[in-house]
Amino acid sequence: MTPILEARGLTAGYGPSPVLHSLDFAVPAGGVTTILGANGAGKTTTLRAVSGLIRATGEVRLAGERIDRLAAEDVARRGVAHVPDGRGTFVALSVEENLRLGAYTRRDPGGVARDMERVYGLFPVLAERRRQQAGTLSGGEQQMLAISRALMLRPSLLLLDEPSFGLAPLIVREIFRIMRTVNESEGVAILLVEQNASLALGLASRAYLLETGRVVVAGSAAELGANDAIRRSYLGY
Amino acid sequence: MEAFLHQVLSGLATGGIYAIVALALVMIYQATHLVNFAQGEMAMFSTYLAWTMIDAGVPYWPAFAATVALSFVLGIAIERIVIRPVEKAPVLAVVIVFIGLLVILNSVAGWIYTYTIKSFPSPFPTHRILGGYVSAHELGVMAVTMGVLVLLFVFFRFTPLGLAMRAAAQNPVSSRLVGIRVGWMLALGWGLAAAVGAVAGMMVAPIVFLDPNMMAGILLYGFAAALLGGIDNPAGAVFGGFVVGVLENLAGAYLVGTELKLTVALVLIVGVLVMRPSGLFGRVLVTRV
Amino acid sequence: MDMTDRTWRRIGLAALLALACLLPFLVSSYRTFQLTSALSYAIALLGLNILTGYNGQISLGHGAFYAIGAYVAAILMDRFGVPYWATLPAAGAVCLVIGFLFGLPALRLEGLYLALATFALALATPQILKYKLLEDWTGGVQGIVILKPDPPFGLPLDQDQWLYFFTLVVAIVMFWLGRNLLAGRIGRALVAIRDHPIAAETMGVDTAFYKATTFGVSALYTGVAGALGAIVIQFVAPDSFTLFLSITLLVGIVVGGLASISGALWGALFIQFVPNVADHISKAAPWAIYGLFLIAFMYLMPTGIAGFLRTLAARLTRRPSRR
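Residues numbered from 1 in each chain as written. Chains lettered and ligands numbered in written order. Predicted model: local features only at pLDDT ≥ 70, side-chain atom pairs only at ≥ 80, totals over all residues. Heavy atoms only, no water.

Trainee: Even after reading the chapter, I still don't get the overall build of chain C, so can you show me in this structure?
Mentor: Along chain C, the regular secondary structure elements total 14 helices and two strands. Structurally, chain C occupies a C-alpha span of about 65 × 50 × 40 Å along its principal axes. Across the 323 residues in chain C, those meeting the buried criterion constitute 53%. Excluding contacts between residues fewer than 6 apart, the proportion of contacts in chain C whose partners are at least 24 apart in sequence is 79%. Accessible surface, chain C as shown: approximately 14900 Å² in total, 69% of it carbon and sulfur. (Helix = DSSP H or I, 4+ residues; strand = E, 2+ residues; numbered from the N terminus. Buried < 20%, exposed > 50% of the residue type's maximum accessible area, 1.4 Å probe, protein only. Contact = heavy atoms within 4.5 Å. Areas by Shrake-Rupley, 256 points an atom, 1.4 Å probe, with all protein chains shown as cover.)

See below:
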């Protein structure tokens, strides 16, 4: 079966010198893949290259079709929802307006209304705050909003950039539980970038370890979890 | 007392025009954080287009509608062709391009239509009503202003496109990630500003008469209004427009006479910028150094 | 290489000076008058360039300082019988003070807002000059007519030629002072404030003082130019000092070259002679051309004529050494 996302020789950066050096990775259809790595390894850059926020060379295929030449807005229109680092909240807009924006490209008002109720079901706290300005939400609530906004696109692939960043463990666990639900019950594939390796490996089936812009280890999540080097540097036991 | 009341009322009427101009300025500021120095000349040019149609025998309101539509298209074209290439350039370069645009519009209008003053019709009767306090044209201007305001409010508050425009102005990266074509939203902002400016031009032309320099003073008061209300706050800008209109009229009648109208605007602008740079209702002023 | 560069520049300057001294004997007195007026523009452009080009403070209202300089000269000559040459320091001093004072509140205005405030100043200037309470001094709408000075010491020059040489000497002095100001520590501080305002502040540059003083000095230059302009044209009136004068000055520094001393000269020649040529097409044509040049230069040649000549010279001198 064709993977939902496949990157070959992906090279990208911000100036003349690339940050990513010819990455190969894939997300199986309906699966969860994680990219691990320390700060500055190139995790965020990888997601930006996939979603078209920065220019990249190499091939990126979404369900077999090339998307590496597309602008970010067109990648989004093909069903790739990117939850960026820093969450990308529209702070001056209300929670509900943030969600409506997530569904901006959709032309099925009925479906949008149903999805709105669905994400409110997943994150009841957002339903309570639907009229509130999004900038007034707590960090955890903003992360939930960011994920919900992405889900409103009805994506086939979700790109998540460090959803655990700066949040209390309890909230992080809640968010990961809901992402598992989204993946398992709705078949949304996920490409997850994380520093918290144990959480990420618990959710993912495939995993890659990134060091200074290169894939140094690739394999199943179980294999990476058992790798001594990774255990020592990223899992801490 | 009656004279005073009359000054206030007619101040509110001109204030309506300033409010519309201020609104056009705010619209472009919100989207791009730039102040469009060519806004007045764009409105002037639109008014000449209306004049051409009316002169050719088109009835007023169809000409009005056509002018608004045409201005919308021209505004988009200006953004795409002239402004787009300097979008990320330093402020100085952008200001210079705006001034270039101002000069071109002004001279092309002079070239085509000459610098002689033309009269421009009002769709409203000119006689005084409400016991002579206010002319029907002034009342009509106020009604049109309120109409424009309500339309814009509904558009930005309740339509997906309006929401997308607000989003694009606020957070372009996140907007792209949900599929909004941010570049087009900016162009749309310019189109709307041009259309709104056209309304202001057509409303003020019966009072100040039509000539290529007719909008200079009005633009200045539009600036003052936008700054007073907070240049990132549409409702504040409208309020600022009415306040500035009344202030102008009262200052003209009781303080300095009409010869110093522009100086009053200068004092207002510098005063607001120095004492309360975010305006009465604005958020903290964001400046691009 | 550095030596030859400097030698070449000296030879160029000497040739330019020789040409400048010869010109009034080669061309008609009307052309001489135009050249004189271009020289006075050059001084104004240097002033605006110090502020906008070097220090990054956008002024769309320098026509106001040009107007103040012109009126100071005209009023002193007309009402107080002050000799024309003595009005220049007075015009400069008045503009220095007014510029500094306008620069103080302007300190708080970054980029766009300063542009806005000065734009308003430019629009309001003609009205203020017409104001009836000032009429005794300014002559209201009629303005003031002043007399053309005769050459002193029985020099064998006509009035236009004398005024040309007088302006030339003033221009040389102002450019020499400007060059010394901008080439050294102060010039570097101005550019640092323009490009890295926060870093400049942390490195101990007194940004506020520099900016206000720069505004004052810039106004001084423009004021002296205005005074010269008034003497040359023998007439001041409010409607010569509209927004479009300020825009003309802006066109001058953009076309000549932002943050360039020689650019002021190129810009002055441009704004003096191009409208004359374009005027034959239509009354509106000079302005249409100005507008097109403003936008075209920003897109295609943001360093102006001076920058273009610099790259051209660099290319010409580099070619032989490469082979």
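We are not done yet, so read on.
Trainee: Honestly, the overall build of chain B in this entry has me stumped. Any pointers?
Mentor: Check the secondary structure of chain B and you find 11 helices and two strands. The helix and strand sequence of chain B, counted from the amino end, reads α-α-α-α-β-β-α-α-α-α-α-α-α. Computed over C-alpha atoms, the radius of gyration of chain B comes to 18 Å, within 12% of the 19 Å expected from 2.2 N^0.38 for 289 residues, which places it in the range of a compact globule. In terms of overall dimensions, chain B has a C-alpha envelope of 60 × 50 × 35 Å along the principal axes. Classification of the 289 residues of chain B by burial places 61% in the buried group. A fraction of 75% describes how many contacts in chain B between residues 6 or more apart in sequence connect residues 24 or more apart. When the 13 basic and 10 acidic side-chain charges of chain B are each reduced to a single mean position, those positions are 17 Å apart. (Rg over C-alpha atoms; globule rule 2.2 N^0.38 Å. Lys, Arg positive; Asp, Glu negative; His and termini not counted. Charge placed at Lys NZ, Arg CZ, Asp CG, Glu CD.)

Trainee: Just to check I follow, could you spell out the interface of chain C and chain B for this structure?
Mentor: Many structure descriptions define interface size as the accessible area lost when the parts assemble. Between chain C and chain B, the residue contacts involve 42 residues of the former and 51 residues of the latter. For the pair chain C and chain B, the two sides together bury roughly 4000 Å², of which 83% comes from carbon and sulfur. Across the contact surface, chain C and chain B share zero salt bridges. Linking chain C to chain B there are four residue pairs in polar contact (both at pLDDT 80 or more). Put simply, the parts of the chain that give the side of chain C that touches chain B at least two residues each are α5 (111–130), α11 (243–256) and α13 (285–300) of chain C. (Buried area = accessible area lost by both parts, 1.4 Å probe. Salt bridge = Lys/Arg side-chain N within 4 Å of Asp/Glu carboxyl O. Polar contact = N/O pair within 3.5 Å; in protein donor to acceptor, adjacent residues only side chain to side chain.)

Trainee: Help me out: how do you make sense of the pairing of strand β6 (residues 80–83) of chain A in this one?
Mentor: Note on strand geometry: in a regular strand, side chains alternate between the two faces of the sheet. Residues and elements named next belong to chain A. Of the two faces of β6, both are covered, the one formed by Val-80 and His-82 as well as the one formed by Ala-81 and Val-83. Direction of pairing for β6 relative to strand β7 (residues 157–161): parallel, over a ladder of four bridges. Residue pairing across strands places His-82 opposite Leu-159, the latter belonging to β7. (Pairing = 2+ DSSP bridges.)

Trainee: What is the right way to look at the sheet that holds strand β4 (residues 56–62) of chain A in this model?
Mentor: The strands making up a sheet associate through backbone hydrogen bonding, with each pair oriented either parallel or antiparallel. All names here are of chain A. Spatially, β2-β1-β4-β5 is the arrangement adopted by the four strands of the open sheet, whose pairing is antiparallel. Of all strands in the sheet, those bounded by a partner on one side alone are β2 (20–27) and β5 (65–66). Relative to β4, strand β1 (residues 5–12) runs antiparallel, the two sharing six bridges. Within the sheet, the bridge partner assigned to Ala-7 lies in β4 and is Val-60. Strands in contact with helix α1 (residues 43–51) are β1, β2 and β4; relative to β2, the strand with the most contacts, it is inclined by about 70°. (Axes fitted to C-alpha atoms, helices over the stretch in contact; angles between N-to-C directions.)

Trainee: Just to check I follow, could you spell out empty space enclosed by the protein for this structure?
Mentor: Tallied over the entire structure, the rule returns four cavities of 30 Å³ or more. The calculated volume of the largest cavity comes to roughly 70 Å³. Ala81(A), His82(A), Val83(A), Gly102(A), Ala146(A), Arg149(A), Ala150(A), Leu153(A), Ser174(B), Leu177(B) and Val178(B) together form the lining of the largest cavity. Where the lining of the largest cavity is concerned, the elements lending two or more residues are β6 and α6 (139–151) of chain A together with α7 (172–177) of chain B. Of the residues belonging to the lining of the largest cavity, the class tally is seven nonpolar, three polar and one charged. (1 Å grid on protein atoms, 1.4 Å probe; cavity = no way out; pocket = protein on both sides within 12 Å on 5 of 7 lines; lining within 4 Å. Points joined across faces, edges and corners; volume = space filled by probe spheres on them. Nonpolar A, V, L, I, M, F, W, Y, C, P; charged D, E, K, R; others polar.)

Trainee: Just to check I follow, could you spell out the side chain of Thr222(C) for this structure?
Mentor: All names here are of chain C. In this fold, Thr-222 is placed in helix α10 (residues 207–233). Using a relative accessible area of 0% as the deciding quantity, one classes Thr-222 as buried. In this structure Thr-222 touches Ala-44, Gly-47, Leu-48, His-62, Phe-65, Tyr-66 and Leu-249, once residues within four positions along its chain are discounted.

Trainee: Before we go on, may I ask you to explain the arrangement of the chains in this structure?
Mentor: Take the two pairs of chains in contact: the one carrying the most contacts is chains B and C. In this assembly chain A lies apart from chain C, the nearest approach of their C-alpha atoms being 21 Å.

Trainee: Mind showing me how you'd approach the side chain of Ser51(A) here?
Mentor: Within the fold, Ser51(A) resides in helix α1. Leaving out residues up to four positions away in the same chain, Ser51(A) has contacts with Ala72(A), Val75(A), His82(A), Leu159(A) and Leu177(B).

Trainee: Would you take a moment to explain α11(C) for this structure?
Mentor: One turn of an α-helix holds 3.6 residues; hence residues three or four places apart share an orientation. For α11(C), with 14 residues, the first-to-last C-alpha span of 20 Å sits near the 20 Å given by 1.5 Å per residue. Backbone geometry just after α11(C) places Gly257(C) at a positive phi near 135°. (Expected span 1.5 Å × (residues − 1).)

Trainee: Is there a simple way to think about the packing of helix α8 (residues 185–195) of chain C against α10(C) in this case?
Mentor: Packed helices, taken two at a time, are described by the angle their axes make and the gap between the axes. Residue and element names in this part refer to chain C. Where α8 meets α10, the closest approach of the two axes is 11 Å, and the angle between their N-to-C directions is 105°. Between α8 and α10, the interaxial angle falls into the category roughly perpendicular. Packed against α8, whose contacting residues are Arg-185, Ile-186, Ala-189, Leu-190 and Ile-193, the element α10 presents Thr-207, Tyr-210, Lys-211 and Thr-214 at the interface. Of the residues in the contact of α8 with α10, the class split is five nonpolar, two polar and two charged. (Parallel < 35°, antiparallel > 145°, perpendicular 65-115°, else oblique.)

Shape descriptors only; they carry no functional weight alone.
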